[in-house]
Structures are given as structure tokens and as C-alpha cells.
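Residue strings, one per chain:
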Amino acid sequence: MFRPLKILIGTKCPPTRCCSAFVSRMRFSNLQYVNRLKEDDEACAAALQNAHIFLFHRLSPLLQRTEHRTLRPTALVCSGTEPQNHRTTEESVLIGCSEENQAQFCLDVGKNILNPGSSLSWWPETLNVPVLQDPSPYEPDLCFLLQGQALLRWNQTSGFCSTTGQPTHRNRAGSQRVCSSSGIIYYPKMSPVVIVLVSDGKRCLLGRQSSFPRGMYSALAGFCDMGETLEETLRREVAEEVGLEVHSVSYSSSQHWPFPHSSFMMAFHASVSPAHTQVSCQLEDARWFSLEEITSALQVKTPPRRGDPPVVWLPPKHAIGNRLITEWADRQRRSSLSDTTEEDV
Ligand SMILES: NC(=O)c1ccc[n+]([C@@H]2O[C@H](COP(=O)([O-])OP(=O)(O)OC[C@H]3O[C@@H](n4cnc5c(N)ncnc54)[C@H](O)[C@@H]3O)[C@@H](O)[C@H]2O)c1
Ligand SMILES: [Mg+2]
């Protein structure tokens, strides 16, 4: 039976994982320690005795509301003095360590089955907590929880070797699995995805799929096919989904996205000729949005409830789609400001 050691409520996101300065995250000693724990089962087991173990239930992080009404992940704090139960030692996965080299793990205390409806869910729905109603205090914790969720899911769904059909066994850190019969080593996989915000200079193009939550529009996205370059995927997806040909392309940023099974999202801006903007849509809908429409859609903090009047809303702040749209809107505002200033002169 699962026996919690000590519950810590309000544990902050490990600063080295997502909310500290670049230099701090890249500290060599810190990275070296995590790599050693991935390679050395004994060192990893020893680290687990004094670790923070962040809890999940059926792949959703267990969150607690603090006295300041912010949401915080829930962690077991292992003191090294109490014996750990079998599940803690066998199923915890290593996700990193603090600046003080205290190891951090994730553990799913729910049954090891996937919720069949969760594969296409967006993050806030999967969490099953009202994240969107109060997202700002929660956001710094996200990348760390996304990583934990992805690693837990990968371990839960990679129990057998795809070559021999025999069981695979994980290392202590949960960072690799080995086929018990052939010795083939499996590492967590990510599928490369291009996400692109297309603009005609004055407007940007957003689409929605039927699987999206009601009223939500986002930048166009698509998985890379085998052998394709990112540029080829981008041009193909835009042509396939909206029937437009892009001209210039610029890179924005990237993000790990755990849905449905860990994608590596690479985000771009692209432009089409203002003379050729007629959309031929293969999605549920795709349309051009003005800066004013985007500005008001960015203000919508909660998705519309059933029965509410229809409203367009955009991916939440932690999604890279939101970042692309915000970058585009900022750029449009700056360029209209400089146009106005030039006219004044
Ligand atoms: N973080 C964000 O802001 C954001 C925004 C939009 C989309 N996304 C993610 O981008 C991903 C791709 O977007 P899409 O669904 O429009 O892609 P898509 O347009 O390529 O269409 C999905 C289809 O591609 C096929 N496919 C090819 N390779 C696949 C693979 N490796 N895994 C799964 N399906 C594959 C399947 O038939 C699938 O139904 C989705 O996982 C979505 O969650 C993230
Ligand atoms: Mg797509």
C-alpha cells in the first residue's frame, strides 16, 4: 500500500528547472550531478532517500491551494530516516535537482492507466484544476510539471520492446528502458512539430481543429514527416491546411509539449503576399484576425462556458502558440507606432 512520508504543500518550482537565470540553470556541477544519477542506479537510489518527490495522479499533478490562493505542486519530502515503500523506489522518475543538489523526482500515485480521453486534451483540462482562472501565480511551475508528466507517461506506455515483444526494465532514474531479452535501450522520444503564425503584413491567420476546446484558435501546426526539413514541413503544412504559399520565414522559439505523446514544438513567423490571402481551409475553420481582434482575444482569460455567447480565445500563456501571437501583436503595435511618429515628423 502507498504510504506517504511527509507531505509538503506549497513547494516551489525547482529554480534550476524553469524560473532562474540562464547561467544558474546551466551551472555545470548541477548538470553533472543529474547526469550521474541517470547513469548510476546506486547513486540515484541514495539520492531518492533525501529527495523531493512531486506527486501526480493518473498523470495530472496533485496541486494544493496555498493561503495566498495560488496553486502549488505537492511533494513528499524524504528525510532519509524512514523506509520508503516499493512504489516510491520503483516508480519515481528523476526530473532534476535543486541548486543545493537535492534530487527531484515525480511519482504517479494513481493507477497506471491512461485516461482514454486525455490524449488530445489541452493542459488546463488535463490538470482538472481551475488553472485558467488564475494562471499567473502558477505559471513558473509549468515546465517542470510538463517534463515530469511526459517522463511518467513515457515510462507507463513503454513497458514492452517493439522488436522482441518482451518486457522492458527501467533504470532507477526512469530515463531509459532496456529490453530484458535483446538488451535494446530505449530513451524518451519527442516528435518534432512546426508551429507557424502566418501574417499578410496587417493580419494574422489562426485556425481551429474540431478537437480544440470551444472557441479556441491557434497558430497552424503540424508534425514533421520523415526526411523533411523544418522549412519543408512549414511550407507543406501551410499549403495543406489553408492553401497558401509562404514567402519569408523567421524562427521564434521552441517548447517541449507533452500532448499527445511529447512533441518538440519549433515556432516560426511566416508571411504571405497581401495579394494572395484567400484561404482554402482543411481545418474546422481558419481565418484572418486584425490586431484589434487579437488584442481583445488575448484579454479572454477563461474559456467560454456552455451557454455563454461565442467568443474567440487563444492558447494559454504557457503554450508557444500564445507566444507567437503575442510577439506578432507587439510587433504590429510597434510598427504602427513608428508609422504614426514618421507621419508626425
Ligand atoms: N503548444 C502550442 O501552443 C500548440 C499549438 C497548436 C498545436 N500544438 C500541438 O502540435 C501538435 C501537432 O499539431 P496538429 O495536430 O495540428 O498536427 P498535424 O497537422 O500534423 O495533424 C495531426 C495528424 O498528423 C498525423 N501525424 C503525423 N505524425 C504524427 C506523430 N508523430 N504523432 C501524432 N500524429 C502524427 C496524424 O494523422 C495526426 O492525426 C499537436 O500535438 C498539438 O497538441 C501545440
Ligand atoms: Mg495541424
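Parameters at a glance
Residues numbered from 1 in each chain as written. Chains lettered and ligands numbered in written order. Predicted model: local features only at pLDDT ≥ 70, side-chain atom pairs only at ≥ 80, totals over all residues. Heavy atoms only, no water. UniProt positions renumbered as here; feature names shortened; annotations may be inferred. Donors = N, O, S within 2.8 Å, 3.2 Å for Na, K, Ca; no water. Helix = DSSP H or I, 4+ residues; strand = E, 2+ residues; numbered from the N terminus. Buried < 20%, exposed > 50% of the residue type's maximum accessible area, 1.4 Å probe, protein only. Polar contact = N/O pair within 3.5 Å; in protein donor to acceptor, adjacent residues only side chain to side chain. Contact = heavy atoms within 4.5 Å. Pairing = 2+ DSSP bridges. Salt bridge = Lys/Arg side-chain N within 4 Å of Asp/Glu carboxyl O. 1 Å grid on protein atoms, 1.4 Å probe; cavity = no way out; pocket = protein on both sides within 12 Å on 5 of 7 lines; lining within 4 Å. Points joined across faces, edges and corners; volume = space filled by probe spheres on them. Nonpolar A, V, L, I, M, F, W, Y, C, P; charged D, E, K, R; others polar. Domains from an automatic or database assignment. Near = heavy atom within 4 Å. Patch = residues over 30% accessible without salt bridge, like charges linked within 9 Å, V, L, I, M, F, W, Y side chains within 5 Å. Areas by Shrake-Rupley, 256 points an atom, 1.4 Å probe, with all protein chains shown as cover. Lys, Arg positive; Asp, Glu negative; His and termini not counted. Charge placed at Lys NZ, Arg CZ, Asp CG, Glu CD.

Looking at an unreviewed UniProt entry, one finds the chain named NAD(+) diphosphatase, with Dicentrarchus labrax as its source organism. According to the UniProt record, the Cofactor (unreviewed entry) comment for the chain reads "Mg(2+)".

A. The arrangement of the coordination of the magnesium ion (ligand 2) in detail. The magnesium ion (ligand 2) binds to the protein through Ala221 (O) and Glu241 (OE); the donor distances cover 2.1 to 2.2 Å. You can see Ala221 sitting in strand S13 (residues 220-223) and its partner Glu241 sitting in helix H8 (residues 230-242), a full 20 residues away along the chain. The class of Glu241 is buried, set by a relative accessible area of 12%.

B. Broad picture of the side chain of His269. Here His269 shows up in strand S15 (residues 263-271). Here the side chain of His269 touches Glu327 through a polar contact of 2.7 Å, side chain to side chain. Contacts of His269, omitting those with residues within four sequence positions, involve Val196, Leu197, Ser248, Val249, Ser250, Ser252, Leu324, Glu327, Trp328 and Arg331.

C. Layout of the pairing of strand S5 (residues 71-77). In terms of residue burial, S5 counts as a mostly covered element, since seven of its seven residues are buried. By the bridge criterion, three bridges tie strand S2 (residues 52-57) to S5 in an arrangement that is antiparallel. The residue bridging Phe54 from the neighbouring strand is Ala75, located in S5. From the end of strand S4 (residues 63-65) to the start of S5, which pair antiparallel, there are five residues, and Arg69 there has a positive phi angle of about 65 degrees.

D. Focus on the pattern of salt bridges. According to the stated counting rule, one finds 11 salt bridges in the structure shown. Between Asp225 and Arg236 there is a salt bridge, with its nearest N and O atoms 3.7 Å apart. In this pair, Asp225 sits in the loop between S13 and H8 while Arg236 sits in helix H8, placing the two residues 11 residues apart along the sequence. Accessibility expressed as a relative area gives 18% for Arg236, which makes it buried. The network of salt bridges with shared partners includes Asp225, Glu228, Arg236, Glu237 and Glu240.

E. Here's a closer look at the layout of surface pockets. Quantified by volume, the largest pocket comes out at close to 710 Å³. Along its surface, the largest pocket is lined by 30 residues, and Leu151, Trp154, Tyr187, Pro188 and Lys189 are the ones closest to its centre. Only helix H3 (28-39), strand S6 (93-97) and helix H7 (142-156) provide two or more residues apiece to the lining of the largest pocket. Within the lining of the largest pocket, the residues separate by chemical class into 12 nonpolar, 12 polar and six charged. Three or more residues apiece are contributed to the lining of the largest pocket by two domains, here domain 1 (7-157) and domain 2 (191-344).

F. Just the sheet that holds strand S8 (residues 168-170), in detail. With antiparallel pairing, the three strands of this open sheet are ordered in space as S8-S9-S10. Edge positions in the sheet fall to S8 and strand S10 (185-186), since each of these pairs with one other strand and no more. As paired strands, strand S9 (residues 177-179) and S10 are joined by two bridges and run antiparallel to one another. Bridging from a neighbouring strand, Val178 pairs with Ile185 of S10.

G. Quick peek at the site of ligand 1. Taken together, 20 residues lie near ligand 1, and Gln209, Ala221, Phe223, Glu241 and Gly321 sit nearest. Here an oxygen atom of ligand 1 sits 2.8 Å away from a polar atom, N or O, in the main chain of Gly321. Elements with a minimum of two residues in the shell around ligand 1: strand S11 (191-199), S13, H8, strand S14 (249-257), S15 and helix H10 (320-344).

H. View of the environment of Asp285. Locating Asp285 in the fold gives a position in strand S16 (residues 285-289). Separated by 112 residues in the primary sequence, Asp285 and Ala173 place their C-alpha atoms 43 Å from one another.

I. Looking closely at a negative patch on the surface. Where like charges cluster on the molecular surface, the negative patch consists of Glu39, Asp40, Asp41 and Glu42. Within the secondary structure, Asp40 is located in the loop between H3 and helix H4 (41-48).

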